[in-house]
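Listed here are the chains, written in short residue letters.
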Amino acid sequence: METCDVLIIGGGPAGSSCARELIKAGLDVIVMDKASFPRDKVCAGWITPAVVEELELDLDHYRQGRICQDILGFKTATMGGAEVYNDYSHTVSFGIRRYEFDHYLLSRCGARLVLNTAVSDIARQHDHWLVNGNIRASMLIGAGGHFCPVARYLGAKVGKTEQSVCAQEIEFKMTTQQLAQCNIDAETPELYFYPDMSGYGWIFRKDQYINIGVGREDTGKIANAALQFMELLQQQGKIPADINAHFKGHAYLLYDHAQRKIVDDSVLLIGDAAGLAYTESGEGIRPAIESALLAANVIKDSQDDYQLQKLQPYNDLIVRRFGKKHFKQKSWIPDKIRLALANKIITNRFLSRHILLNRFFLRSEVDTLYR
Ligand SMILES: Cc1cc2nc3c(=O)[nH]c(=O)nc-3n(C[C@H](O)[C@H](O)[C@H](O)COP(=O)(O)OP(=O)(O)OC[C@H]3O[C@@H](n4cnc5c(N)ncnc54)[C@H](O)[C@@H]3O)c2cc1C
């Protein structure tokens, strides 16, 4: 039997960030993950400078033997439409590979790691948790992503009543020949929005790696979307013709459409398990890290008393940070006009830079948390 103060289920950015903060405060933490690391995570791998700051990431150290692509601008368009190019002439984001990034964060967090071990059973016994019958913990944190077993324990109806984003992606290292045929500038990712604004496709080069994907909130239409997008890019001569299109899929919740209970007696959820990705962009790494930091602070403040009353401030802090939810209500602006406006924002260089990129994708006006 292993015992700890806090057991974190999931070693992604949320789990490792929370573990790091709790360990700094002197708590005994175990991180359990069903995967062994390094592991792949379906993701475009785009992070903003805010993420670097909140993680206290030493980029010089991180870059040693890992991909960290500087991003200086973006091309945006509607699917198949004319592109708008916005150049910032300085680094406004980074491209990382989740295979490397998540492993780096988990290795440095200092927690005891129980890897290659899926959660099979969660039981509440008196004043503690017993997980898989052999790990005993006073506090349980669900950081297991969209399908987190702790979220299910708290009643999430995963894949049933929730409206999720479905996304498909491939990432691979290009051969010398493929690199020669690739017309994507590594410093300029490209984003292509569906005219009905249900999602977008991206093409993102990180040094010799290429990442292609699509994400949409209307699940029925995702099946062929990634293939069609790739074919469109090939027709346009942007990417090599000989790509092995083994797309991998994943789902997650956008903040405004997530309705999960995120805190209860001696338990809380962080990151995708809590459904926190930004509604406008689908960016989930920054909310995962911010929720991890907020949760760690509430746990530290609770002084070993993990009753709901002591953990409830986490809920309030999440609302304060991410805002009140705007569940899909019928807008007073007719759909036709809303779509026309959205298309205008994407295709106009000024609007695309200031609204789509600065406000929604880079969130450059939102201060970092705590640091
Ligand atoms: C296609 C796609 C592209 C994306 N692109 C971006 C992007 O460019 N930038 C961005 O900011 N966000 C992006 N996101 C969102 C981002 O990937 C997530 O928001 C982020 O990974 C959330 O981190 P997390 O730590 O909460 O969960 P995860 O990274 O999903 O980590 C959860 C961990 O829990 C483990 N786990 C799951 N179930 C169990 C179990 N039963 N037992 C034990 N362990 C378990 C998993 O193995 C995993 O390691 C993208 C998402 C998708 C699907």
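Residues numbered from 1 in each chain as written. Predicted model: local features only at pLDDT ≥ 70, side-chain atom pairs only at ≥ 80, totals over all residues. Heavy atoms only, no water.

S.K.: Can you help me understand the packing of aromatic side chains in this one?
M.R.: Each pair of aromatic rings is reported with the distance of its centres and the angle of its planes. One pass over the structure, following the stated rule, counts 13 aromatic pairs. Geometrically, the ring pair formed by tyrosine 192 and phenylalanine 229 is tilted, given 5.9 Å between the ring centres and 55° between the ring planes. In this pair, tyrosine 192 is assigned in strand β13 (residues 190-193) and phenylalanine 229 in helix α7 (residues 225-235), connecting sequence segments 37 residues apart. Residues tyrosine 192 and phenylalanine 229 agree in their burial class; the two are buried. Taken together through their ring pairs, the aromatic side chains of Trp46, Phe74, Tyr88, Phe193, Tyr200, Trp202 and Phe361 make up a single cluster. Over the ring of tryptophan 129 we find arginine 124, and its NZ or CZ is 4.7 Å from the ring centre. The lysine or arginine in question, lysine 206, covers the ring of phenylalanine 204, its NZ or CZ lying 5.1 Å from the ring centre. (Phe/Tyr/Trp six-rings, centres within 6.5 Å; stacked < 30°, edge-to-face > 60°. Helix = DSSP H or I, 4+ residues; strand = E, 2+ residues; numbered from the N terminus. Buried < 20%, exposed > 50% of the residue type's maximum accessible area, 1.4 Å probe, protein only. Lys NZ or Arg CZ within 6 Å of the ring centre and 35° of its normal.)

S.K.: For this particular structure, what's the right way to read the sheet that holds strand β12 (residues 165-173)?
M.R.: The strands that make up a sheet are held in pairs by hydrogen bonds between backbone atoms, and each pair lies either parallel or antiparallel. Across the sheet, which stays open at both edges, the 7 strands sit in the order β6-β5-β13-β14-β15-β12-β16 with mixed pairing between neighbours. With partners counted over all chains shown, the strands left at the sheet margins are β6 (84-87) and β16 (248-252), one partner each. The average undirected angle you get between the axes of adjacent strands in this sheet is 20°. In the sheet, β12 pairs with β16 via 5 bridges, with the strands oriented antiparallel. What sits directly across from valine 165, in β16, is tyrosine 252. Contacting β5 (73-78), β6 and β13, helix α11 (residues 335-347) crosses the sheet at an angle of about 145° to β5. (Pairing = 2+ DSSP bridges. Axes fitted to C-alpha atoms, helices over the stretch in contact; angles between N-to-C directions. Contact = heavy atoms within 4.5 Å.)

Everything listed here is a matter of geometry and, on its own, says nothing about what the molecule does.
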